[in-house]
Structure formats: structure tokens, C-alpha cells
Amino acid sequence: MSDAHTPPIKVGLFVTCLADMFRPEVAFATVKLLEQAGCSVDVPDTQTCCGQPAFNSGDNQTSRDIARQTIKAFDGYRYVVGPSGSCIGMLHHYPELFTEDDPWKARAEDLKARAFEITSFLVDELGFSGIQSRFNGRITYHDSCSGLRELGIKQQPRQLLAEIDGVEMHEMQEAETCCGFGGTFCVKYPDISNRMVSNKTEFAADSGAETLVGGDLGCLLNMAGKLKREGREIDVRHVVELLADMTDNAAIGEADYDLGKAI
Amino acid sequence: MQIKSPEFKQSARIALQDENLQKALGNLKAGFPGKRAAAVARMPEFEELRDQARDLKNHILEHLDLYLEEFEARVVENGGQVHWCRTSEDARKTILQICREQDAKTVTKGKSMVTEEINLNEYLEENGVRPVETDLGEYILQLRGDHPSHIIAPAIHLNLEDVSEAFHEHHKRPKSDDPAELMAEAREMLRKQFVAADVGITGANFLVAETGSTIIVTNEGNGDLTQTLPKTHIVVSSIEKVVPTLEDMSLFLRLLARSATGQEYSVYNTLSSGNRRPDDQDGPENFHVVLVDNGRSDMVGTQFQEMLRCIRCSACMNHCPVYGSVGGHSYGWVYPGPMGSVLTPQMIGIEKAGLLPNASTFCGKCEEVCPVRIPLPKLMRHWREKEFEKHLSPKAVRWGLGGWAFFAKRPGLYRLMSASASRFMRLLGGKKGKVSSLPMAAGWTDHRDMPVPTGKTFMQQWKARQKQESK
Ligand code: SF4
């Protein structure tokens, strides 16, 4: 998208804790997509978590501290982009944490205006349609709640996935119903969470898809964990892995190499 | 009604294993949401009406006192009486007093959640007045000594067999499992009660300030018989149900039926405006309105005020995946589902109801369907704030959070922590890419495997890559 005349768009990558720890490929795929779309990507190393665990536990003091830290970390970037509707959704909550007379309020609003989930950034903000990827198979898409309802992410990932050679979309029933992850919910209310994720894996299996795709690692780890436990042969992948043509590695919860040695 | 909200987790576990209940919840999920969606699709201006309804409710709540006083003045002009009750106890006593004045032995009752809230039935029985529920669902529950598990479909947790069993036992008739026959049987039993009743008690969906009218919305017509046959009609209503005009009421009616059952309108929309006038064909000689506050005026002006917009349509619970998994009784008090998780802590205290606003993934489906756009997840989160401020959250949670926060606020240490946690999990995972048992995350691994990290953290790998590139 960029050429010698247009300077690259400066993007700060919001890595997200789960991508950082559980699936670095997701962050690398995000970087690759951003670069394909003409952005130059930095990873500010003063970022940590978006603060959602504190926010959703009612600990506003900690949420505020983390919000300030994140705002500072991403000062000076035209955009802040991350591979999660849930974490970016949290960045959008920051203004609620500050009172009108607090100078941090305006800074939080400013961050909110610059913060995007990756698929919505590519489609809504850049109008990008240069996906270069091949993926043979039937896929189904789970709409993660925060992305869907807080950020309006629904057709963006589907539009981008449709550009991939070989992909066949099989929508599942209740694609918009929560998978039961809910951050700490899944450990605080394990039985209810289990019922919700079981409904989900059943719908995913009924769709006839070979790969379940989504935009939030929390939900994906939850659904992959359940599918593995149930012994169902459905792969689970983050949408950016397909979009960036990075599907050679094992799917979530699978391993094709000795992880113990990959240390 | 006994408060069982502190046992939410145990009740939920039992509910999840109750096959009959799960079957019934399956019917609910297959019914209401689809019907609502179809009704909304038939009405292009639906979203706009939701905005109007939200704004109008906000306006009403700003002037609640004025509209309630206007309502009272009109009721009195129409020959009726209004009783202001601050607490449940005030309301119960007032209602009993009216029944005593009429020397009432039997009262018929239309469906009313507020009478559940104030525990009316038990109180009347203790005091020698026999309440008879006339809504079919409520009638079945009363026979079984049961309570509503849903605000508009009170017996949704029961299946046909349960009903058939209850009727056989109490009506002493041959057992039937034909819904039409059962309906006819209930009708026959209830007719006698309608005629015998000295007092009829109904709730109200709305109170209309400009005319002093109350309205009930039903699909069975039982409410009409409840309020027109006896000499005395008592309307029990919470204070936030007042609307300025009949025109305003019709805005809410259009949203209510569609959000609730997917109907354009409910079958019976019945207005009551005071005592029977000389040339009226029927109607009560005595018309009373009991206005129940019970903590609501304390919500005005607080971060929970928005909850008072609720028109009790039940859409939030019909669409809630948690309610759909555990049913209404698990919530352990009168109001279940997302609306209950906000209201119950207000009414019985966050100390007892703390598990309810926590039992949400914040998926946001409830807010998506609420006709008056109540931000239910945000309000549940406000209760979590109260809990946190009052140090009510479990110690393990507070300590875990505190420890995590310590690192999350120190990026360098956070890096080290994630790197070593990642390494530790990879060692556990070995060649498999997942672990099936992790004692510190048993809630997770009891039900599912835990995928393990696929390599060093992104931050480690990114740094290495940057170094490589700068060489
Ligand atoms: S909170 Fe909203 S959706 Fe739930 S019952 Fe009240 S009005 Fe209906």
C-alpha cells in the first residue's frame, strides 16, 4: 500500500498477554499483516496487560494505574493495533476510569480513537484487501463477544477470510453466543462455563468445519481445550494465522514438535 | 421467599445435572429468542423506538415524584385510593388491612412479580386469607408449592409431565397429558375461585399519570376476571412503572410484547381507571393502588438508576447463556437472569447476592436485546466494584489479583514472569501441546485441556529478532 512517496503508517502493536505467552505466532502474524498493509510496526516494551482482570473484578484503582501505563506506552503512535477484540475493547473502556476534570480522561479518549482490533483496522480504517494466503479447508467462525458487541466486528474477518484461496466458510449455529470463557468466569464458575463451551463445540462440530477460527485467544484456548478433551478432530486457529498465511505450525493445543526443547 | 442466592454455585451445579430442567430450558431457548428476532425484523423502526423509550424513561426518573403525585391525584379523582409503601412489610400490611376491611376469605391474584418480591402469598395465608393464583403458570406453581423461575413464564422450568402430575394430585381427576385437557381442567377449577373471591389482586405493567389508570398485559385473560369480578381490586405496583400519558404507554407496549414473546401485542391489554361508575357494566366498588418502593428510590441518582428503566420484558434472561444453562431458581431469589443480578443485590444486599453479578461473562447479549437499553454488564460491574470496595470478594481472588497487579504494573518484571510461566508450562506440556491436569487451574482442566505455549514469549522472540536485524 505504501510506496516511496507515502511514509509508512506508524503502528504500535498491542501484543496481548495471551498472544505473548501462549501463541507468539498470533502476534507475528499480526505484524506481518500490518506490514503487508503498509504499516511500520513497533512493539513498545513498557506495555503489559490491558487491565481487564482488574477492571472486571471491580478494582478500579489498579485498572487506572494500568490504563495510564498503557496510554504512556503508546504515546506517539498513529495507531494501536492488537489481535483481540476483548483487549482492544478494554482500551476503549479507559475513558470511563477517569473523571471529567482529570487530564488523563482526554488522553484516554485519544488512545481510544487510535486503538483498533486487527481485522477491523485492516477493513474499516485502511480499506485493505491485499490478503495473500492459501488455506485449503472448511472453516467456521466464532464471533467473540467483546469484539462483536463492543467494537462491531462481524463482517470484517469474514470479508478478509473470503480473500483466501481455498477457504470454504461454513457458518455454525449460534456463532454469536458466548463460548463461556469470560476471563476469570471460567475458573470461578467452572460448571456453567463448561456447559457453555460444550454447546459451542457441538455447534462447531455440526457445522462440518475442519477448522474453527476466531479473533480472541481466550475464547480459542477455551474451545480448543474442550475440543481436545472431547476428542473431536477440529483444529482451532486465530484468524490472523490464516490471513497471514502462517498455518504451517500446529493448531492450538496440538504440537508437532517437542515443546520442552523449544525453550 | 427464602433467600438462596449465597448458594448460587451449588444450585447451578444441581441445575446443570437436572435433565428435566435442561429439557425445559432447551424449549425456552428454542422459543423466545427466535420469536423476538422475527418480530423485530418486521418492525423497521424498532431501534429508534428503543432510543425513544430509553430517553423517555430517563426523563420520567428525573421527575418520578411529580408523575407519581399526578397519578395519585387522578386515582383519587376516579374514586380510588393510593397507598405509599416504603418497605415490603408496609406493603404486606396495607394489603392485609384492605382484605380485612372487606372481610375477605379468598383473594384471586393475577401474575405479579412485585407480590413475590414482598412475599405476599405466605403472609396472607399466615393471616387467614387464601390467595389463589389465576395465571396458569402461577397456578401450577402454587399447587406444587413452587416459585417462579422466570418473570413472564413463571413455570418455564416445568415440563408437561410435571403439570399433569400436579393436577392429578390436587384435582383428584384421572391423569391426563393432553395440554388442551389440562387447560380445560385448570379453567374449570379457576372459574369457581373467580366467583368466590372477595378481593382481586393484580400487578401493573404501567401506571398512567394523566388518567390515573393502571394497565395489565396478559395472554390468558385471567387478570380481567381477577379485577372485574370481586368487589375490591388491589393493584400492587413498584414506583418506577409510572409513565406520563397513554401515548407514552403505547410506546412501551409496542416494545414490551415484541421483546418478550415476539407478539405484536399481548392478547389482553386491560386498563383499570378507578371505581365502577354508575353506568359501568362491571368493575370494582373499591379500587386501591399499593405503590411499593422497597429500595428503588435509593437507586435514583446513583450509578444504578438506569436499572429503573426496566419494563420486565424478560428478553435479557431469554437470551442469557448463563440463565439458559442454570435456570431461574439458581439465582436464589425473585428476579433471575441479568436484570436480577443487578436488582437482587440492591434488594437483599450485596453481601448475600454477590455471586450473582459475578456470574456473567459480560458477553453483552442482554444489553443487545434490552428494549430500554439498560447497560446490564456495566451495572453488574458496578456491583463488583462495591464488593471490591467492601472487601467482600473471596480472599483467594483478592490475593491473586493483588499479585498479578504487582507485576502488571512493572513491565520489566512482567516480562520475566511471563517468560518463566511460559517455560514452566511448556515443560509440563512436553510433546503434547496441552496438559490435561493443572492443580492451580483445576476449574479449567476439570473440564478441558489446557493448550500450552508454543515457544518462548513473543516479547523474547521479538527482541531476539530485533537484535538479529540490527547486526
Ligand atoms: S432489563 Fe431490559 S431486557 Fe431485562 S427485563 Fe428489564 S427491560 Fe427487559
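Residues numbered from 1 in each chain as written. Chains lettered and ligands numbered in written order. Predicted model: local features only at pLDDT ≥ 70, side-chain atom pairs only at ≥ 80, totals over all residues. Heavy atoms only, no water.

Visitor: Just to check I follow, could you spell out the overall build of chain B for this structure?
Guide: For chain B, the helix and strand inventory stands at 24 helices and 12 strands. Counting over 471 residues, chain B shows a buried share of 59%. In chain B, of all internal contacts separated by at least 6 residues, the share reaching a separation of at least 24 is 72%. Summing over all exposed atoms, chain B offers an accessible surface of approximately 19,900 Å²; the carbon and sulfur share of this is 51%. Computing the positive centroid from 60 side-chain charges and the negative centroid from 60, chain B places the two 14 Å apart. (Helix = DSSP H or I, 4+ residues; strand = E, 2+ residues; numbered from the N terminus. Buried < 20%, exposed > 50% of the residue type's maximum accessible area, 1.4 Å probe, protein only. Contact = heavy atoms within 4.5 Å. Areas by Shrake-Rupley, 256 points an atom, 1.4 Å probe, with all protein chains shown as cover. Lys, Arg positive; Asp, Glu negative; His and termini not counted. Charge placed at Lys NZ, Arg CZ, Asp CG, Glu CD.)

Visitor: What exactly am I supposed to notice about the packing of aromatic side chains here?
Guide: Two numbers describe a pair of aromatic rings. These are the distance of the centres and the angle of the planes. Within the structure shown, the criterion is met by 19 aromatic pairs over all chains. Between F181(A) and W444(B) the ring centres are 6.3 Å apart and the planes differ by 80°, which places this aromatic pair in the edge-to-face class. Of this pair, F181(A) sits in the loop between β6 (165–169) and α10 (185–188) while W444(B) sits in helix α23 (residues 442–445), on two different chains. For W444(B), a relative accessible area of 5% corresponds to the buried category. Each ring, one from F206(B) and one from F252(B), has its centre 5.6 Å from the other, and the planes form 25°; the classification is stacked. (Phe/Tyr/Trp six-rings, centres within 6.5 Å; stacked < 30°, edge-to-face > 60°.)

Visitor: How should I be thinking about the domain arrangement of chain A in this particular structure?
Guide: The accessible area lost on association of the parts is a frequent measure of interface size. Residues and elements named next belong to chain A. Taken as a whole, chain A is organised into domain 1 (9–124) and domain 2 (131–243). Contacts between the two partners involve 24 residues from domain 1, matched on the other side by 23 residues from domain 2. Regarding the contact of domain 1 and domain 2, the summed buried area is about 1,900 Å², with carbon and sulfur atoms giving 67% of it. Connecting domain 1 to domain 2 are one salt bridge. Of all elements in the fold, only α1 (17–21), α2 (24–36), α5 (85–93) and α7 (118–125) reach the threshold of two or more residues within the side of domain 1 that touches domain 2. (Domains from an automatic or database assignment. Buried area = accessible area lost by both parts, 1.4 Å probe. Salt bridge = Lys/Arg side-chain N within 4 Å of Asp/Glu carboxyl O.)

Visitor: Any chance you could explain the site of the ligand here in plain terms?
Guide: By nearness alone, 13 residues border the ligand, and C310(B), C313(B), S314(B), C316(B) and C370(B) come closest of all. Split by residue class, the shell around the ligand holds 11 nonpolar, one polar and one charged. (Near = heavy atom within 4 Å. Nonpolar A, V, L, I, M, F, W, Y, C, P; charged D, E, K, R; others polar.)

Visitor: How do you make sense of the domain arrangement of chain B when you look at a structure like this?
Guide: Domain annotation of chain B identifies domain 1 (43–297) and domain 2 (396–469). Taking only C-alpha atoms, the centre of domain 1 of chain B and the centre of domain 2 of chain B are 55 Å apart.

Visitor: Looking at this model, I keep getting lost on the interface of chain B and chain A. Mind explaining?
Guide: Facing the 67 residues of chain B at the interface are 75 residues of chain A. Summed over both sides, the interface of chain B with chain A buries roughly 6,100 Å², with 61% coming from carbon and sulfur. It is H447(B), T454(B) and F458(B) that lose the most area in chain B upon contact with chain A, and together they represent 12% of the buried surface on that side. Between R381(B) and E96(A) there is a salt bridge, and its shortest N-O distance comes to 3.4 Å. At the boundary of chain B and chain A, one finds 31 residue pairs in polar contact (both at pLDDT 80 or more). Looking at the side of chain B that touches chain A residue by residue, the classes come out as 27 nonpolar, 18 polar and 22 charged. (Polar contact = N/O pair within 3.5 Å; in protein donor to acceptor, adjacent residues only side chain to side chain.)

Visitor: What am I meant to see in the side chain of R36(B) here?
Guide: Residue and element names in this part refer to chain B. Position of R36 relative to the elements: it lies in helix α2 (residues 19–41). Comment: no salt bridge for buried R36; closest opposite-charge side chain is E47, at 5.2 Å. The contact partners of R36, leaving out residues within four places of it in the chain, are F46, R50, R258, S259, G262, H319, E368 and V369.

Visitor: Got a minute to help me understand helix α12 (residues 217–230) of chain A in this structure?
Guide: The α-helix advances 3.6 residues per turn, and as a result positions three or four apart in sequence lie on the same side. All names here are of chain A. With 14 residues, α12 extends 19 Å between its outermost C-alpha atoms, agreeing within 8% with the 20 Å of an ideal straight helix rising 1.5 Å per residue. Counting buried residues along α12, 12 of its 14 residues qualify, which places the element largely inside the surrounding structure. All buried positions along α12 are accounted for by L217, G218, C219, L220, L221, N222, M223, A224, G225, K226, L227 and K228. (Expected span 1.5 Å × (residues − 1).)

Visitor: In this structure, what is going on with the confidence of the model for chain A? I would like to understand it.
Guide: Close inspection of predicted coordinates is inappropriate in any region flagged by low pLDDT. Per-residue pLDDT for chain A has a mean of 94; in total, 95% of the residues score no lower than 70. Scored below 50 in pLDDT, residues 259–263 of chain A makes 17 contacts in the model with residues more than four places away or belonging to other chains. (pLDDT = per-residue confidence, 0-100.)

Visitor: How should the state of the cysteines be read in this particular structure?
Guide: What is meant by a disulfide is a covalent connection between two cysteines, made through their sulfur atoms. Residue and element names in this part refer to chain B. Counting across every chain of the model gives zero disulfides over all chains. Of all cysteine sulfurs in the structure, the one in C85 sits closest to C99, which takes part in no disulfide; the separation is 13 Å. With relative accessibility at 1%, the residue C99 sits in the buried group. (Disulfide = S-S within 2.5 Å.)

Visitor: Explain the pattern of salt bridges here, please?
Guide: One side chain can pair with another of opposite charge once the charged atoms of both are near each other. Residues and elements named next belong to chain B. Taken as a whole and judged by the stated rule, the model has 48 salt bridges over all chains. Measuring nitrogen to oxygen at the nearest pair gives 2.7 Å for the salt bridge that ties E117 to R296. A residue pair is termed long-range when its members are at least 10 positions apart, and E117 in helix α6 (residues 113–117) and R296 in helix α13 (residues 296–299) qualify at 179 residues. In this pair, the class of E117 matches that of R296, namely buried. For K434, the salt bridge is made with D449, and the minimal N-O distance between the two is 3.7 Å. You can see K434 sitting in strand β11 (residues 434–435) and its partner D449 sitting in the loop between α23 and β12 (450–451), a full 15 residues away along the chain. For K434, a relative accessible area of 23% translates into the label partly exposed.

Visitor: Even after reading the chapter, I still don't get the sheet that holds strand β4 (residues 199–202) of chain B, so can you show me in this structure?
Guide: Note on sheets: strands pair through backbone hydrogen bonds, and any given pair is parallel or antiparallel. Residue and element names in this part refer to chain B. Spatial ordering of the open sheet is given by β1-β10-β7-β4-β2-β3, a layout of six strands whose pairing is parallel. Looking at which strands have only one partner, the edges of the open sheet turn out to be β1 (81–85) and β3 (130–133). On average, adjacent strands in this sheet sit at an angle of 25° to one another, irrespective of strand direction. Each of β1, β2 (106–109), β4, β7 (232–238) and β10 (286–292) touches helix α5 (residues 88–101); the most contacted strand, β10, lies at about 170° to it. (Pairing = 2+ DSSP bridges. Axes fitted to C-alpha atoms, helices over the stretch in contact; angles between N-to-C directions.)

Visitor: Help me understand a nonpolar patch on the surface, please; the structure alone is not making it clear to me.
Guide: All names here are of chain B. A contiguous nonpolar patch, built from F406, L413 and L416 and spanning about 280 Å² of accessible area, is present on the exposed surface. Here L413 lies in helix α22 (residues 411–429). Take L413: its relative accessible area is 33%, and that puts it in the partly exposed class. (Patch = residues over 30% accessible without salt bridge, like charges linked within 9 Å, V, L, I, M, F, W, Y side chains within 5 Å.)

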